[in-house]
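So the chains spell out like this:
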Amino acid sequence: LRFQVERAREYYRLSDPLIERVDAGSRASLGAMTSIYSQLLEKVAQLGPKVLSKRATLTMAEKLKLAGSTLVNASLGR
C-alpha cells in the first residue's frame, strides 16, 4: 500500500506543470478535483491496511474548504 500511495503522490507531483496546458476556464475545477483527490489519498495513507475494511472519505466541509481555497488561489493567479 505504501508503494501505491507513493506512486500516486509522484503522479500528482509530475502532473502539476501540465495544468497550464488545460483551458484556462477549466483550470480551477481541475485544481479543485486534484486537491480533493490528493487529500483523499492522504486519508488512505493514514488508514493504511485498514482501508480494505474502512472507507477513506472526506467530509463535505473538507471538500468545500479544499475546493474553495483552490478557486480563490486560481482567481488570484496562484
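Only a predicted model underlies this, so the values are computations on that prediction, with no experimental measurement involved. (Residues numbered from 1 in each chain as written. Predicted model: local features only at pLDDT ≥ 70, side-chain atom pairs only at ≥ 80, totals over all residues. Heavy atoms only, no water.)

A. Region of interest: the pattern of salt bridges. Tallied over the entire structure, the rule returns 5 salt bridges. Between Glu20 and Arg27 there is a salt bridge, and its shortest N-O distance comes to 3.7 Å. We classify Arg27 as partly exposed; its relative accessible area is 27%. When salt bridges with common partners are traced through the structure, they connect Glu6, Arg9 and Glu42 into a single cluster. (Salt bridge = Lys/Arg side-chain N within 4 Å of Asp/Glu carboxyl O. Buried < 20%, exposed > 50% of the residue type's maximum accessible area, 1.4 Å probe, protein only.)

B. Broad picture of the packing of helix 1 (residues 2-15) against helix 2 (residues 24-47). At a minimum axis distance of 10 Å, the contact between helix 1 and helix 2 shows a crossing angle of 160 degrees. Taken together, the axes of helix 1 and helix 2 are roughly antiparallel relative to one another. For helix 1 against helix 2, the interelement crossing comes out left-handed. Here helix 1 contributes Val5, Ala8, Arg9 and Tyr12 to the contact with helix 2, which in turn contributes Thr34, Tyr37, Ser38, Leu41, Glu42, Val44 and Ala45. Of the residues belonging to the contact of helix 1 with helix 2, the class tally is 7 nonpolar, 2 polar and 2 charged. (Axes fitted to C-alpha atoms, helices over the stretch in contact; angles between N-to-C directions. Helix = DSSP H or I, 4+ residues; strand = E, 2+ residues; numbered from the N terminus. Parallel < 35°, antiparallel > 145°, perpendicular 65-115°, else oblique. Left-handed = near helix turned anticlockwise from the far one by under 90°. Contact = heavy atoms within 4.5 Å. Nonpolar A, V, L, I, M, F, W, Y, C, P; charged D, E, K, R; others polar.)

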